[in-house]
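Tertiary structure, described
One-letter residues, chain by chain:
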Amino acid sequence: MSATRSLVAALSSDLLQPLRISDATRAEIEKSLTRYPNRRSAVMPVLWALQLEIGWLPPAALRYAASVVELPESEVFGIATFYTMFNLRPVGRHHLQVCMTLSCSLMGADRLFRHLEKKLGIGHGETTPDGRFSLRRVECLAACGGAPCLQVNFDYHENLDEAKVDRLLETLE
Amino acid sequence: MRGPLLFSDIDTPGLASLEGYRRGGGYATLAAVVGKKPADECIEIVKQSGLRGRGGAGFPTGLKWSFVPKNSPRARYIVCNADESEPGTFKDRELMEKNPHLLIEGMVLAGYAIGSNTGYIYLRGEFEYIQRILDRAIDETRAAGLSGANVAGSGFRFDLHTHLGAGAYICGEETALLSSLEGFRGQPRLKPPFPAVEGLYACPTLVNNVETLMNVPHILNHGAAWFRQWGTEKSPGTKILSVSGPVKRPGNYEVPLGMPLSQLIDDLCGGMRDGMKVKAVIPGGSSVPLLPASLLDTGLDFESMNAAGTFLGSGGVIVIDEGTCMVDALWNITRFYEHESCGKCTPCREGTYWMSEVLRRLEHGEGRADDLDLLADLADNILGKSFCALGDAAAMPVQGALLHFRDEFEHHVTHRSCLVNRRRDGLSVVRPCEQAHA
Amino acid sequence: MSATVKVTVDGRTIEVPAGTLITDAAREAEVHVPIFCAHSKLPPLGACRICVVEVGMPKLGPGRLPVTGADGAPEIAWLPKVQTGCTTTVADGMHVRTDSAVAVKARKGVMEFLLVNHPLDCPVCDEGGECQLQDLAFAFGADFSRMADAKRTFVSEDLGPIVKKEANRCIVCMRCVRYCDEMMGDDALTAHQRGVLTEISSFNRQPLECEQCGNCIEVCPVGALTALPYRFKARPWDLRQHITVCPYCPAGCSVRLGVRGMEILRARGTEFRGVNQEYLCVRGRFGYEFVSSPDRLSSPLLRLGGSLAPAGFDEAVTYAAARLRDIAAAHGPQAIAFLGGDKLNLEEQYLFQKLARGVLGTSNVDARTRATARLPGDAILRATGAGRPSLTLDQLSRAGEALVLGDDLQGEAPYVQSLLILGQHQNGLHLTVAHPRRVKLARSKFGGEWLALKPGSELTLVNALTAASLEAGVPAGVPAEVGAALASLASALGSPEAGARETGISADDLRRAAKRLCAADQKAIVFGRAYTEHPQAAALVQAIENLGWASGALTAKRASVMFVGPQHDSQGALDMGLTPDRLPGYVDPADAAARRPFEQQWGAALDLSPGLSAPEILEAAAEGRVKALWIVADEWVKSAPDRARIERALERCELVIVNDLFLTATAKRAHVVFAAASFAEKEGVAVNCERRLQRSARAISPRRGARPDGEIFQAVARGLGATWSYRTPEDVFREIARLTPGYQGLSWAQLLPLGPQWTSPAPLAGPRIAPAIAPAAAEAGDGLWMLSGGTLFLQGSLSYRGAQLPKLAGEARARLHPDQAQRLGIGDGDTVEIAGSGGSVTLAATLDDAVPAGSVFVPYAFRECDLNRLGAPAGAGLRVRVRKTAAALVGA
Ligand SMILES: Cc1cc2nc3c(=O)[nH]c(=O)nc-3n(C[C@H](O)[C@H](O)[C@H](O)COP(=O)(O)O)c2cc1C
Ligand code: SF4
Ligand code: FES
């Protein structure tokens, strides 16, 4: 856990950097604010919009989100860390999220994950040095009928085995 | 035709578009009901139909609708629970992906019945692609005057929005879902007050599952008696069961409630894969106690399942084969709850951690003689003592497994190894704490 | 909710109000139901589950009649699941079991779970000995541990200078997070992650940006949050605990000092007692440090041959008495003036003025040394209801509408601010804050209305609110003469539109604010030194009285106007007659009948004419008319409004006596300095802003050479020939209670924490409704408005003398609106010179958009920056010129 600590310390310097957000994201954020009777409710859509643009949620993005939805920064931090899909550290371009829950496990998810670890040379929560892949174990993806399965970013891939996964990796730049 | 009701046209090409949906008679019910049939009558029909919630608890839907106060000066909301995170369950995903307009029609009708002008669909974060499908469908209906300021020219207003979660099983629990939707950490709230009385933004709120709401247009179209042609007296209608595990044809099946479990597995799913035998079945998502192979004739309806000591739950049927180590399977499930515990209450937060520690030991041949009693006692100390039902959901599988497969657990202690030949190699063991980000 | 219900807890049937929680009902029934996450100031949560009990209702048979068993007792239908006592309210006929097998197993189960990941580091935990988890494990836990697996571990961290977090000990009760939000309005803490990884921390683990109150530490039931300054200093069982009254503000919080030997090691709230219970602000928690400062005076000092030298106590007393006697004989008693004292205990305040009036015969007595204008001694009394039953702090937090006039409560009375935040969060209280700066309570997150008046338009604002209130007519329930007076006042006051022009607040906003105030059933008006120390104080306080009656905050029966004075015992000072024109109990010396008891008791004929007020004394001394000053518990050189004048006054006086703990700038000019005991070293009563009398205990004996002020007064009185023979403060209090209207009937034994409020069955002064008009006078100086006010981390002259508070306060800064700064070419951190009519000060600037353009804000109480050098405010205030100094250019 101390590795986490030093990482957080390193990232804190990011607070000083100005956050650059595209107009499209700004527009998306504005739109999300119209869907709820109060600003607070838009915190998840705002975080999503920022993550989609930046790839993860650096502290400056959380600060910005807090200012948009008019919530204390601490609270936004608490919200962002509660949900596992918000990335509080950078991830690779292709985020491989392998379901490890029972149905997938029964159908060989553990073997599949081990294979990916070996092949990519990274473990759970790690990113390849070239920033191409991140690997994560996740809980049930609601694709149990197509077990074992994984998501690459938001894309589902089901009924996998080692060979299929190898082919999949090749298609991912 | 894959099923009698919700699946009758599910694979029709183009169904996801407004045009395709309309081609099959879509939105006819909406046009016939909204502004034409009194709202109370709609609730009454749903009551008569005997429809019960498909999200897990099986609560009578019409009754829940009638709890929403009519004379409240506050806004009323309708929220569709599309969080579908119960392990083994993947029906809502297919339903929404292929037939988004049926959900929208169901929500507009439900909104009309309880007098709500705003609806939210809470999708689990992984369903981002479904959010896009639904958003497109909602835009279509708004453009066609089927939702928005003036639904089907009736003067009734209904605005519908999607909301994307971000990876938290607990947000399927209705009050946690509302917390999350309101922009809090997704932790459950005290009940009472129940959401029907004080839900979203402290306003009366109806929370229903996707499948539940999708039944509504059919029921209002054809009537309660028609709906009751399927199922049993107390569990009328059909249910979509998500079957996973090593069966020949896993997938979603719509069956009349009451169908024996064995029929589902043997006939519809084509039985087990080559050379495998059923050891146990989790009938209703990982939260319910499992049934051993000897009880496969149990009917797939709320009452029969209760009589067999388990629940129909969300209809996530996980088939476990003889080659599976029960200790390992239970450890997998328990890790899930440990990872998904929101951390609000002590029994669930600490109990799930402790139980998975004990199971880890057992699985690794480091178990002790009194570990089984300890495990049973820990489950008992969680059950009924946690803040929300997630704690119960973590405890019940443990109790079920210990009840039916105690000998296998004992074997782990006495022989320090598995009773079954483990089919799967190289378990790479993770502690959920390693899974955390940040 | 007046209805009561009957509940039976472990066989004991009691009656409690409907809506009572099971945990509270159990306490009534003397059954202990443990709690962790529940807290009396927070809404029910039900998260920790330690309070689980079995709950049942009588079984009902046909005709809804209770079914009785063989023994004739009603049969109970017990709920299948245990319930949390902290979230379940009782119902009539309910049965609760905490001792059944089911309840005991459930509780033990939770207890065991709480220890799963809790480290067994009690030997090195500061909480040890007062840890609720430890106590409960002792009471309810098992005597062995079944948990033999590895625990989840976190790394500990410092969250700023005060809070040490040991996350492994945390039981995730959320008290700290919720308290920080609900009570402090700071939201500095949050939960990170979830499940077993839930960890309490701040945004990105940064140091906490908050009031540094340490209440998170206080409410933490275990040792997860501990105080860095107290870390590893003591074991609680080695500490003697004494409950004192905080010396910093008029809220009157009870402070439990932990003492080992002669050393105070910490301060805590009292948990169940006092107005504050567990609450303390940062000053209450760390402000005691001055008591053990090495700079304390260790003996009286006498000026001999030009310099001050240590002297014996008797020597100093004899000298002081002789000089006072000589001056009175030579120039008349009116050449003597007594100043200060609102930091004294009530008994000492009484003795101080008795010495002046009864022994020396002077009525030049005034505690309000910061005042810039004369304010009648009964003005505040009338504005706050003349002794009628009045608003309590508890009622304040339950008010529907609270109007805060002029003060930044964060600096002036932090607990009052917290109660308003609590009320806003939990009781639907709506805030209206009239302040030129956007102070904390005016932030939008508290959902209130901010009346951002232009500096100098305070009086216009209050008058406009009164005018707007009266547009709806005179409120019902006011005495007839008040009604008539209000009706004619209405025609004398201008329209809200006129007020709008001057204050810069729209007439609509003014009307809305007035309407909310008038319409609220429970309402509150809060004001303090921003108005009483204003050059237009007399008119302002009159205007508040007008508004009180016009809005219904004052009625024949009740008063909902609260005076939050500048010091912890300012109310006592008013009550005890530390004003030139009123005797104790607001008795007018000209009223022969009312005066008589005092003359009899004191054995002296009293001077009937009003004495000089503090600003008048200052002037008279500077001009040589007043020749002797006795200044107590006040750093007058810094607190007097005009620096040049006070310097001259001290120079010219033949005799200056100072009682103080330290050799202050004032003491340095004195001829006699008495070393005084601190609040922790003496016993006595303080009267808080609710007019509540609370007794402070003596926690340690006085520093060697120092004496309580009361003893000093008695010694000098005896030196002057009086026959005073009080042995204890209680002796003095008995005399006060006998003589003082409003105090009659109060007894020393009652005056514990949360002691009684004094009230008077008959109002102590008649209502006075009159147009509140300030005498025409131009404000002093020109340029920017000089705004000042209290600040959280420093208060008065004592708070510097510790370690924590000055560290937290940082250096004094002049705060300017960014636009204003830009116009002046001033950047953040630049050194600026502020020049007023009387002189100038130099300090660093900070940009702050909470400060209105056209003004500069410098807080009071920074030692390095004496605002009274700028000259005394006059008219509607003080104006100054601000410019960047050359020093900034050379980077100094
Ligand atoms: C831990 C937990 C998770 C749940 N997850 C889901 C879910 O993913 N989808 C769902 O529809 N209901 C879920 N539920 C049930 C909901 O709380 C709620 O009962 C349901 O949405 C009501 O809808 P229904 O009456 O239509 O079934 C969950 C309940 C619990 C306790
Ligand atoms: S049982 Fe408790 S910790 Fe678990 S999810 Fe529910 S509230 Fe959270
Ligand atoms: S168990 Fe893997 S998708 Fe459900």
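Residues numbered from 1 in each chain as written. Chains lettered and ligands numbered in written order. Predicted model: local features only at pLDDT ≥ 70, side-chain atom pairs only at ≥ 80, totals over all residues. Heavy atoms only, no water.

1. Details of the interface of chain A and chain B
We count it as follows: Here, two residues are considered to be in contact whenever any of their heavy atoms come within 4.5 Å of each other. The quantity reported as buried area is the accessible area (1.4 Å probe) lost by two parts once they are put together, taken as the sum for both. Any Lys or Arg side-chain nitrogen found within 4 Å of a carboxyl oxygen on Asp or Glu counts as a salt bridge. Within 3.5 Å is the distance limit for a polar contact, defined as a pair of N or O atoms, with the added protein rule that one can donate a hydrogen and the other accept it, and that residues adjacent in sequence qualify only through two side-chain atoms. Strands are runs of DSSP state E lasting at least 2 residues, helices are runs of H or I lasting at least 4, and numbering of each runs from the N terminus. In this classification, Asp, Glu, Lys and Arg are treated as charged, Ala, Val, Leu, Ile, Met, Phe, Trp, Tyr, Cys and Pro as nonpolar, and every other residue, Gly included, as polar.
Each partner contributes to the interface: chain A provides 50 residues, whereas chain B provides 69 residues. Contact between chain A and chain B buries roughly 4,800 Å² in total, counting both sides, with carbon and sulfur atoms accounting for 57%. The tally of links between chain A and chain B comes to one salt bridge. Measuring nitrogen to oxygen at the nearest pair gives 2.6 Å for the salt bridge that ties E158 of chain A to R93 of chain B. Here chain A is connected to chain B by 22 residue pairs in polar contact (both at pLDDT 80 or more). Elements supplying a minimum of two residues to the side of chain A that touches chain B: α3 (43–54), α5 (73–82), α6 (102–106), α7 (109–120) and β3 (133–138) of chain A. If you tally residues by element for the side of chain A that touches chain B, the top one is α5 of chain A, at six residues. Among the residues forming the side of chain A that touches chain B, the class breakdown is 27 nonpolar, twelve polar and eleven charged.

2. Some details on the nonpolar core
The test is simple: Nonpolar cores were defined as sets of buried Ala, Val, Leu, Ile, Met, Phe, Trp, Tyr and Cys residues, with membership established by side-chain atoms within 4.5 Å. Summary of the burial criterion: residues with accessible area below 20% of their type's maximum are buried, those above 50% are exposed, and those between are partly exposed, where the area comes from a 1.4 Å probe applied to protein chains only.
L47 and Y83 of chain A together with M96, L103 and F409 of chain B are the most contacted members of the largest nonpolar core, which has 190 residues in total. In contact with L103 of chain B, not counting residues within four places along its chain, are C80, M96, I121, L134, V210, L213 and M214 of chain B. The next biggest cluster of nonpolar side chains, apart from the first, holds 127 residues, and it includes I200, Y288, A442 and M562 of chain C.

3. Some remarks on unusual backbone geometry
In this structure, P148 of chain A follows A147 of chain A across a cis peptide bond, with omega equal to -10°. Residue position: P148 of chain A is located in the loop between β3 and β4 (150–152). The amide bond that connects K191 of chain B to the next residue, P192 of chain B, takes the cis arrangement and shows omega of -15°. Looking at where P192 of chain B falls in the secondary structure, it is placed in the loop between α8 (174–181) and β4 (205–209). Positive phi outside glycine occurs at D10 of chain C, with the angle close to 45°.

4. Examining the site of ligand 1
All names here are of chain B. Heads up, the condition is: Throughout this document, a residue counts as near a molecule or strand when at least one of its heavy atoms sits within 4 Å of that molecule or strand. Only the protein chains shown count as cover for residues, with accessible areas throughout obtained via the Shrake-Rupley method and a probe of 1.4 Å.
Around ligand 1 sit 18 residues, and of these G55, N81, N208, N209 and T212 come closest. Between ligand 1 and N81 there is a distance of 2.8 Å, counted from an oxygen atom to a side-chain nitrogen or oxygen. Interatomic distance of 3.2 Å between a backbone N/O atom of E84 and an oxygen atom of ligand 1. Notes on ligand 1: free accessible area 600 Å², of which the protein chains cover 90%. Contributing elements (two or more residues each) for the shell around ligand 1: β4 and α16 (389–415). Ranked by the residues each element gives to the shell around ligand 1, the list is headed by β4, at three residues. Of the residues belonging to the shell around ligand 1, the class tally is four nonpolar, eight polar and six charged.

5. Some remarks on the domain arrangement of chain B
Residue and element names in this part refer to chain B. Short version of the rule: The domain boundaries here were taken from an automatic or database domain assignment.
Here the domain parsing of chain B yields domain 1 (18–227), domain 2 (238–281 + 295–315) and domain 3 (326–436). On a C-alpha basis, the centroid separation for the pair domain 1 and domain 3 is 35 Å. Each partner contributes residues to the interface: domain 1 has twelve residues there, and domain 3 has nine residues. Summed over both sides, the interface between domain 1 and domain 3 buries roughly 860 Å², with carbon and sulfur atoms accounting for 71% of that surface. There are zero salt bridges connecting domain 1 and domain 3. For the side of domain 1 that touches domain 3, the residue count by class is six nonpolar, three polar and three charged.

6. Focus: the interface of chain A and chain C
Each partner contributes residues to the interface: chain A has 19 residues there, and chain C has 20 residues. Between chain A and chain C, a total of about 1,600 Å² is buried, with carbon and sulfur atoms accounting for 57% of that surface. Along the contact surface separating chain A from chain C lie zero salt bridges. Our count for the contact surface shared by chain A and chain C stands at four residue pairs in polar contact (both at pLDDT 80 or more).

7. Topic: the pairing of strand β14 (residues 263–268) of chain C
Residue and element names in this part refer to chain C. What counts here: The rule for pairing is simple: two strands pair if DSSP sees at least two bridges between them.
Where burial is concerned, most of β14 is hidden: five out of the six residues are buried. For strand β13 (residues 254–260) and β14, the ladder comprises five bridges, and the chain directions are antiparallel. Bridging from a neighbouring strand, L257 pairs with A267 of β14. Once β13 ends, the chain turns through two residues before running back antiparallel as β14, passing G261 with a positive phi of about 60°.

8. Structural notes on the pattern of salt bridges
Evaluated as defined, the whole model comprises 93 salt bridges over all chains. Here D139 of chain B and R142 of chain B are joined by a salt bridge, their closest N and O atoms 3.2 Å apart. You can see D139 of chain B and its partner R142 of chain B sitting in helix α7 (residues 128–143), three residues apart, about one turn around the helix. Given a relative accessible area of 41%, R142 of chain B falls into the partly exposed group. Between R437 of chain C and D408 of chain C there is a salt bridge, with its nearest N and O atoms 3.9 Å apart. With a gap of 29 residues between them, R437 of chain C in the loop between β20 (430–434) and β21 (449–451) and D408 of chain C in the loop between β19 (401–405) and α11 (409–412) connect regions that are remote in the sequence.

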